[in-house]
Structure formats: C-alpha cells, structure tokens
Amino acid sequence: MATTRGFLVGRFQPFHHGHRQLVEEVATEVDELVVGIGSADASHTVRNPFTAGERTMMITGVLADIDVRHYVVPLEDIDRNAVWVSHVESMCPPFDVVYSNNPLVIRLFEEANYEVRDPQLIDRGRLRGTTIRERIVASEPWQDRVPDAVIETIREVDGLNRLRKVATTDAGGGDDGDSDG
Ligand code: NAD
C-alpha cells in the first residue's frame, strides 16, 4: 500500500505543547510526516527569536519520543504567495495531505488542489507562541507550556537572554497579535 505522508508547517517560535499534541494527532493519521520550519530565514527578533537550526533541535528532540517517521525541512519565506506552494514542494519530500489552521496556508494549498485538514487548536489561551514569548520577556513561568527538549534547547543557546535583549531593541519586530502559534 502507498505511503501517506502528511505536511505540517509552522514557525514554532518556540515549539510548544500544542504543536506536540498536534504532531501526535497527525501521527495517528499518516505513515510519515514532513515538518516544515516556516520563516526559516528569520531569527533574533521578538516575533522570531530562534534560528532555523535551533528550531530543528527543538523539533528533533520532541519528535524522538513520537512514533512516526519524519523529516524536518527549513523553509525560507518568499515574497510571492502565488508560488509559495511550489517553493515548499521543491524543498520537501512529496506529501499527500496538509495540516494547518493558518488561513493563508490553507488557501494556498487548497488552490494547489491539496487535501487540507484543520485540526482543533488545543488550550489556545496558554499554548500560543506569542504568549510564551511574552512570559519569557516578563520573567513569568513558561516552562510548563513547552516540552523538555525545548527547555533544553533554549537553555543551551542562552535563548532567554537573547529574547529579553531583543525585546528592548527590536523596535519594529514586536509581537503584533496576529494568528501566531
Ligand atoms: P505557527 O507556528 O503559528 O503554527 C503552526 C501550526 O500549529 C499551525 O497550523 C497552528 O494552527 C498550529 N497550532 C498553533 N498553536 C496550536 C495549539 N495550541 N493547538 C493546536 N495547534 C496549534 O505557524 P504558522 O503561522 O501557521 O506558519 C506558517 C508558516 O508558513 C510561516 O512561517 C509563514 O511565513 C509561512 N508562509 C510563507 C509564505 C511565503 O513565504 N510567501 C506564505 C504562506 C505561509
């Protein structure tokens, strides 16, 4: 029987328990999973504090405990949405079904005739990248919202100090309350 491969894209700034539960759910529906790290070219801002390599460490660490064959692919943003799906296809193993709650991602893949599934958001009040970054900057507890591998990566790269530092200097990159995960 043919392999069903799922595709899931996110900025994962940082990868949190909502993302982890999403991956666990998708893993029950597909044989293999492609995790795209979106905005791979962005880092060292309040909205995107972690590099693609650091996010790869987080995701690889978390997915080691989830029983699904997977591929982690950094994806730089491009300034033409009309060709973004082709860009993604050029970088990733072929996939059959896309998982996303992001309206633009859903629209672009549906227009390219992909099956798109939009899973439920989990505990969105707590499990949201913007909220977790704000708590780090404010020195409020955040560790219970992310897997241990993410805490370890942030510790290894001195991520708390980086985020707090860029929060004082990143005038144009502050969080803007959009559909950030
Ligand atoms: P995200 O990190 O906000 O979320 C990743 C996925 O996890 C999303 O489907 C989101 O709905 C889901 N999620 C978040 N919190 C959750 C929770 N609590 N429970 C369950 N699921 C949860 O990423 P995103 O904004 O969807 O990432 C899209 C990426 O695609 C961005 O990097 C964007 O720049 C990129 N993109 C680029 C272009 C272009 O370059 N032209 C076009 C479209 C999208």
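As the structure is a computational prediction, the values presented were derived from the model and not from experiment.

### Observations regarding the nonpolar core
Piece 1. Counting residues in hydrophobic clusters, the biggest one holds 29 residues, and the most contacted among them are F15, V23, L33, I59, L63, I66 and V150.
Piece 2. Apart from residues lying up to four places away in sequence, L63 is in contact with F15, V23, V35 and H70.
Piece 3. Counting 17 residues, the second-largest nonpolar core is a separate cluster that includes L75, V88, C92 and I106.

### Thoughts on the site of the ligand
Piece 1. Residues in contact with the ligand amount to 28 residues; listed here are only the nearest, S39, I78, N81, I122 and G181.
Piece 2. Between the ligand and N101 there is a distance of 2.8 Å, counted from an oxygen atom to a side-chain nitrogen or oxygen.
Piece 3. Take N102: an N or O atom from its side chain is 3.2 Å from an oxygen atom of the ligand.
Piece 4. Considered on its own, the ligand offers 850 Å² of accessible surface; in the complex 93% of this is hidden by protein.

### Considerations on the side chain of H19
Piece 1. Tracing the backbone through its elements, the reader meets H19 in helix α1 (residues 17-27).
Piece 2. A relative accessible area of 11% means that H19 is categorised as buried.
Piece 3. Residues within four places of H19 in sequence aside, it is in contact with F12, P14 and G181.

### Thoughts on the sheet that holds strand β4 (residues 97-99)
Piece 1. Read from one edge to the other, the open sheet built from five strands follows the order β3-β2-β1-β4-β5, with strand pairing classed as parallel. The open sheet terminates on both sides in strands that have one partner only, identified here as β3 (69-74) and β5 (115-117). For this sheet the average axis-to-axis angle between neighbouring strands, irrespective of direction, equals 25°.
Piece 2. The sheet contact formed by strand β1 (residues 5-10) and β4 spans three bridges and is parallel. Counted as the bridge partner of L8 is Y99 from β4.
Piece 3. Packed onto the sheet, helix α2 (residues 52-63) meets β2 (32-37) and β3 and runs at close to 155° relative to β2.

### What to know about the pattern of salt bridges
Working definition: two side chains of opposite charge can pair if their charged atoms are close together.
Piece 1. Under the criterion given, the structure shown has twelve salt bridges.
Piece 2. The partner of R5 in a salt bridge is E32, with the nearest N and O atoms 2.9 Å apart. You can see R5 sitting in strand β1 and its partner E32 sitting in strand β2, a full 27 residues away along the chain. The exposure classification of R5 matches that of E32, with both residues buried.
Piece 3. Residue D123 is joined to R126 by a salt bridge in which the shortest nitrogen-to-oxygen separation is 3.1 Å.
Piece 4. Note on R126: relative accessible area 28%, which makes it partly exposed.
Piece 5. What emerges from the salt-bridge pattern is a single network uniting D123, R126, D144 and R145.

The rules behind each value
- Every residue gets a number counted from 1 within its own chain, in the order that chain's sequence is written.
- Note on the predicted model: pLDDT of at least 70 is required for a residue's local features to be given, and 80 or more for side-chain atom pairs to be given and counted; whole-chain, interface and lining totals, by contrast, use all residues.
- Computation of side-chain values covers all heavy atoms of the structure but excludes hydrogens and water.
- To qualify as a nonpolar core, a set must consist of buried Ala, Val, Leu, Ile, Met, Phe, Trp, Tyr and Cys residues joined through side-chain atoms within 4.5 Å.
- A 1.4 Å probe rolled over the protein chains alone gives each residue an accessible area, and that area as a share of the maximum for its type sets the label: buried under 20%, exposed over 50%, partly exposed in between.
- Any pair of residues with heavy atoms lying within 4.5 Å of one another is described as a contacting pair.
- We call a residue near a molecule or strand as soon as one heavy atom of that residue lies within 4 Å of the molecule or strand.
- A 3.5 Å cut-off defines polar contacts: any pair of N or O atoms within that distance qualifies, except that in protein one atom must be a possible hydrogen donor and the other a possible acceptor, and neighbouring residues in sequence count only when both atoms are side-chain atoms.
- To measure how exposed things are, a 1.4 Å probe is used in the Shrake-Rupley method; for residues, cover is taken only from the protein chains shown.
- Counting from the N terminus, the helices are DSSP H or I runs at least four residues long and the strands are E runs at least two residues long.
- Two strands are counted as paired when DSSP detects at least two bridges linking them.
- To obtain an axis, a line is fitted to C-alpha atoms, over the contacting stretch when the element is a helix, and the angle between two such axes runs from 0 to 180 degrees between their N-to-C directions.
- What makes a salt bridge here is a side-chain nitrogen of Lys or Arg within 4 Å of a carboxyl oxygen of Asp or Glu, nothing more.

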